[in-house]
Amino acid sequence: MSQVAQGRGRGGFIAGFLLAPLALYLTFVIWPYVQTFGYSFTNWTGQSPTFDFVGVDNYAALMKDEVFRGALWNNLLLLVFVPVVTILLALFFAFMVNAGGRGGAGGVQGVRGSGFYKIVYFFPQVLSLAILAVLFGAVYRTDEGGLLNGVLIRLGLVDRLHPVEWLNEPRLVLWCLLLVVVWHGVGFYLVLFSAAMQSVPKDIYEAALLDGAGRAQTFFKVTLPLLWDSVQTSAVYLGIAAMDMFVLVSTMTSGQFGGGPDHHSEVMATVLMRNFLYFGKSGYACAMGVVMLVLTMILSVITLRATRRERIEF
Amino acid sequence: MGSTGEGLGRRDLIKRSAALGLISVPTMSFLSACASGGEGTTKGPDKGAVTKENPFGVAKGGKLDVVVFKGGFGDDYAKAWEAAFDKKWGTTSSHLGTQEITGKLQTRFNGGNPPDVVDNSGAQKIKLDVLFKSNQLADLTPVLDAPSLDDPSKKVRDLLIAGTVEQGTQGGKFVSLNYVYTVFGFWYSGKLFKEKGWTAPKTWDEFLAVCAKAKEAGIGGLAHQGKFPYYINVVIMDLIAKKGGLDAMKAIDNLEPNAFEGNAAALAAVEAVYEVVEKDLLLPGTNGLTHTESQTAWNQYKAAFIPSGSWLENEQLKQTPDDFDMQFLPVPLLADSKLPFEAIRAGAGEPFIVPEKAANKAGGLEFIRSMLSREWSTMFAQQANSLTVVKDGVDPGVKLRPGTQSAVTALKAAGSNTFNYLYTDWYSEMDTAIQDASNELMAKRIQPKEWIKRAQAAVNKAAQDPNAKNNRRS
């Protein structure tokens, strides 16, 4: 058999494996995007196969939509805080669990009981967001039956007749939600970072210890640079969580598909869903979807660019 | 690029797929929901001969596809109906009882293969105004003009409680049969009031006085379902209608420029509700509670009053103590009200529709006609503990619970003094905006004047709706 024929045979073999997934991807991922783009130029109500072409009207209206702009702002706030807070906490805990213990005769080790902590930290991750929403609904309940209010009232920090209306308080609601996301995420990223830390050869830590490095120095000069790839990936994934937030906001806050009180916890997805399913402005909602797509694309490029570093080999 | 210099390194691949994930994951679930099924092919409907007994031409031995909202009323009543229908017409019914009306039916409406009868209710109902605008609703006028099953000399129309037709009308067309007759107002525990020696208030001042006494006794005055401002809106709107008369109500439904702004009755009503907030007579924390949480607190004697519709008793069946003695109270009067104290918001709920593109549209229409018979109406009352829009449609033998009984009494006392708002069905966006404002009002974050301003802005915005021309009442 000639070289060419052999090559072609192999090519066909590979193509056979690639074509089916590609076709699936085009049908179920790319095609809906294209359709959405098309719908965004129509006045489709979402309940009928008929609609009119309205040009860029939807986009023009979107520019003036204060609710959507507020939602965008909230998404951006979350996009900053969710990854930063989660990663910092996860890194801190992971470091303490793996290398934060007192250097005994054996050298590098975690704090006492670190194996136990690792398991406990992972618990929140196994809960689904729906359960989480119910759980924290009980924590944030606005009367004294709520866990937080109950404790605060018992401690005399809050007046029994005026409990804190956590999720009904414009200044608090977003932070209350942030706390849930962070609580949920820290354990997973702790385990991720732990795994990365354990793959770092012990002799590097020992060398650092011999050179007289303290815990902080070890962390910043040794651990963090070696973990950078994991941190970067985490940032991207937490970015996804921050851009979405739909499940938590829609189930925990007031309003049709959440976003309350008075749009203070609105994220783009909740505004989209309300317009799509409740107001019958599906074409308009599709325009929002396109804007979300463009924004997330820009953000993902920025994230990957901004966190690019020289890779350290070990 | 990758450190290996051999094109796409493993890590780059991971990074790229992560980037792709960042794009696709949050948006995908919503966007793919946008994909519509396109124009489905509607198969020719089965048709039987049209006779006096069979005014819509139901085909014997056909199929009937029924979807009902399985909420506070359950769906046993519908199963009983379907069995009766199958027996009479030889059809095979398929039954779906669900809470996710939108989720289950949106694709079917888009695909052009909707069910034959839908009880379009609950939090996830498909908005009627939206369905109507999309030409998805069959005109039910033929049912109104068909002979009644109980008395063929009468038309179905003549056996309905007043207001049923008006409420089911969109853009001048009768498209939904709101089947369950509901009254709205405050509710209290007869037992608690007896114990404390309070009497049911007739004026707003008396109402505030009872709330104040409740506060002295260490319980809340007014509880409301804060997470769903829909309920407190009922109080505000009913105060407006009772003080300003039916014209004040119609001005809101007809989106008039002075519906709220410059309307003295509206301001007085909002100020009256705000007085409860200002005097600190709310159940602590009620502003953030869900309907079940606040209603349960009220069932535990933690508050004197709660606003709701007459489904409340059925909804709270499990949480209500046996001796609670649930009682209905019409919204008390402000000074110089045009309507009497007995006047109540009464209307029909649970909208049943027949989709325009239903495969067995005749069967759907016949099903609706059968619902309006005394036999089916009684079946409903037995299975779901509630009244229907059929005049005297319930066998007197059916024993009612105290809350429902008190609602029936109130309804009798009201006589022809019932009213009902329509804007909630006509303008979803306006309704939502006013609810948001009410939530702010109850949390003391805005003042009554600001509420009026926001409500009027919502009205003015709704006036630009293309349907505003058709949705007029007089």
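Going by what an unreviewed UniProt entry lists, chain B is known as Sugar ABC transporter substrate-binding protein and is assigned to Streptomyces virginiae. Under the Sequence similarities (unreviewed entry) heading, UniProt states for chain B: "Belongs to the bacterial solute-binding protein 1 family."

K.L.:
Explain the overall build of chain B here, please?
P.N.:
Across its full length, chain B holds 18 helices and 11 strands. Here the C-alpha coordinates of chain B stretch approximately 85 × 70 × 45 Å along the principal axes. Within chain B, buried positions represent 58% of all 474 residues. In chain B, 76% of the contacts between residues at least 6 apart in sequence involve partners at least 24 apart. Counting every atom, chain B has about 19000 Å² of accessible surface; 51% of that belongs to carbon and sulfur. Positive and negative side-chain charges of chain B, numbering 54 and 54 respectively, have mean locations separated by a distance of 2 Å.

K.L.:
Help me out: how do you make sense of the pattern of salt bridges in this one?
P.N.:
Where side chains of opposite charge bring their charged atoms close, a pairing between them can arise. Using the criterion set out here, one finds 25 salt bridges over all chains in the structure. As a salt-bridge pair, K104 of chain B and E100 of chain B come within 3.4 Å of each other at their nearest N and O atoms. On the basis of relative accessible area, E100 of chain B is assigned to the partly exposed category, the value being 38%. Each of K281 of chain A together with E429 and K461 of chain B takes part in salt bridges that share partners, so that together they form one network.

K.L.:
Can you walk me through the side chain of Q295 of chain B in this structure?
P.N.:
All names here are of chain B. The topology assignment puts Q295 in helix α11 (residues 291-299). Owing to a relative accessible area of 0%, Q295 belongs among the buried residues under this scheme. Among the polar contacts listed, one links the side chain of Q295 to the side chain of E315, at a separation of 3.2 Å. With residues near it in sequence (within four places) discarded, Q295 still touches Q225, Y231, I306, S308, L312, E315 and Q316.

K.L.:
Explanation requested: the domain arrangement of chain B in the structure shown.
P.N.:
Many authors give the size of an interface as the accessible area that is lost as the parts come together. All names here are of chain B. If you check the domain split of chain B, you get domain 1 (61-173 + 353-394) and domain 2 (181-341 + 421-468). Taken together, the 16 residues of domain 1 in the interface contact 12 residues of domain 2. Seen at the junction of domain 1 and domain 2, the total is one salt bridge. As a salt-bridge pair, K133 and D465 come within 3.8 Å of each other at their nearest N and O atoms. Across the domain 1-domain 2 interface, the total number found is three residue pairs in polar contact (both at pLDDT 80 or more). Among the secondary structure elements, those contributing two or more residues to the side of domain 1 that touches domain 2 are α4 (128-133), α6 (164-167) and β4 (169-170). The element contributing the most residues to the side of domain 1 that touches domain 2 is α4, with three residues.

K.L.:
For this particular structure, what's the right way to read the packing of aromatic side chains?
P.N.:
Residues and elements named next belong to chain B. For the structure on display, the rule yields 53 aromatic pairs over all chains. Ring centres 5.3 Å apart and planes at 85° place the aromatic pair F193 and W198 in the edge-to-face group. A residue is classified by how much of its surface remains accessible, and W198, at 8% relative accessible area, is buried. Where Y421 meets Y423, the ring centres are 5.8 Å apart and the plane angle is 85°; that geometry is what we call edge-to-face. Both residues of the pair, Y421 and Y423, count as buried. The structure contains a cluster of three or more aromatic residues connected by ring pairs, namely F73, Y77, W81, F85, W89, Y179, F352, F367, W376 and F380. Above the face of the F184 ring, R345 is positioned so that its terminal group lies 5.5 Å from the ring centre.

K.L.:
Before we go on, may I ask you to explain a nonpolar patch on the surface in this structure?
P.N.:
All names here are of chain A. A cluster of nonpolar side chains, namely L19, L22, Y25, L26, I30, W31 and V34, defines an oily patch on the protein surface of about 650 Å² accessible area. Within the fold, V34 resides in helix α1 (residues 3-39). Residue classification places V34 among the partly exposed positions, given a relative accessible area of 43%.

K.L.:
What should I look at first to understand helix α5 (residues 129-139) of chain A in this one?
P.N.:
Because each turn of an α-helix spans 3.6 residues, side chains separated by three or four positions end up pointing in the same direction. Residue and element names in this part refer to chain A. Listing the buried residues of α5 in full gives L132, A133, F136 and V139. In a view along the axis of α5, the buried residues occupy a sector of 115°, so they form one face of it. The inward-facing, buried residues of α5 contact α6 (147-154), α7 (173-198) and α11 (246-252).

K.L.:
How do you make sense of the environment of S377 of chain B when you look at a structure like this?
P.N.:
All names here are of chain B. Inspection of the secondary structure assignment puts S377 in helix α14 (residues 374-384). You can call S377 buried: its relative accessible area is 0%. For the pair S377 and T388, spaced 11 residues apart in sequence, the C-alpha separation works out to 6.4 Å. A distance of 2.8 Å separates the side chain of S377 from the side chain of T388, its partner in a polar contact.

Analysis parameters
Residues numbered from 1 in each chain as written. Chains lettered and ligands numbered in written order. Predicted model: local features only at pLDDT ≥ 70, side-chain atom pairs only at ≥ 80, totals over all residues. Heavy atoms only, no water. UniProt positions renumbered as here; feature names shortened; annotations may be inferred. Helix = DSSP H or I, 4+ residues; strand = E, 2+ residues; numbered from the N terminus. Buried < 20%, exposed > 50% of the residue type's maximum accessible area, 1.4 Å probe, protein only. Contact = heavy atoms within 4.5 Å. Areas by Shrake-Rupley, 256 points an atom, 1.4 Å probe, with all protein chains shown as cover. Lys, Arg positive; Asp, Glu negative; His and termini not counted. Charge placed at Lys NZ, Arg CZ, Asp CG, Glu CD. Salt bridge = Lys/Arg side-chain N within 4 Å of Asp/Glu carboxyl O. Polar contact = N/O pair within 3.5 Å; in protein donor to acceptor, adjacent residues only side chain to side chain. Domains from an automatic or database assignment. Phe/Tyr/Trp six-rings, centres within 6.5 Å; stacked < 30°, edge-to-face > 60°. Lys NZ or Arg CZ within 6 Å of the ring centre and 35° of its normal. Patch = residues over 30% accessible without salt bridge, like charges linked within 9 Å, V, L, I, M, F, W, Y side chains within 5 Å. Arc of directions from axis to C-beta.

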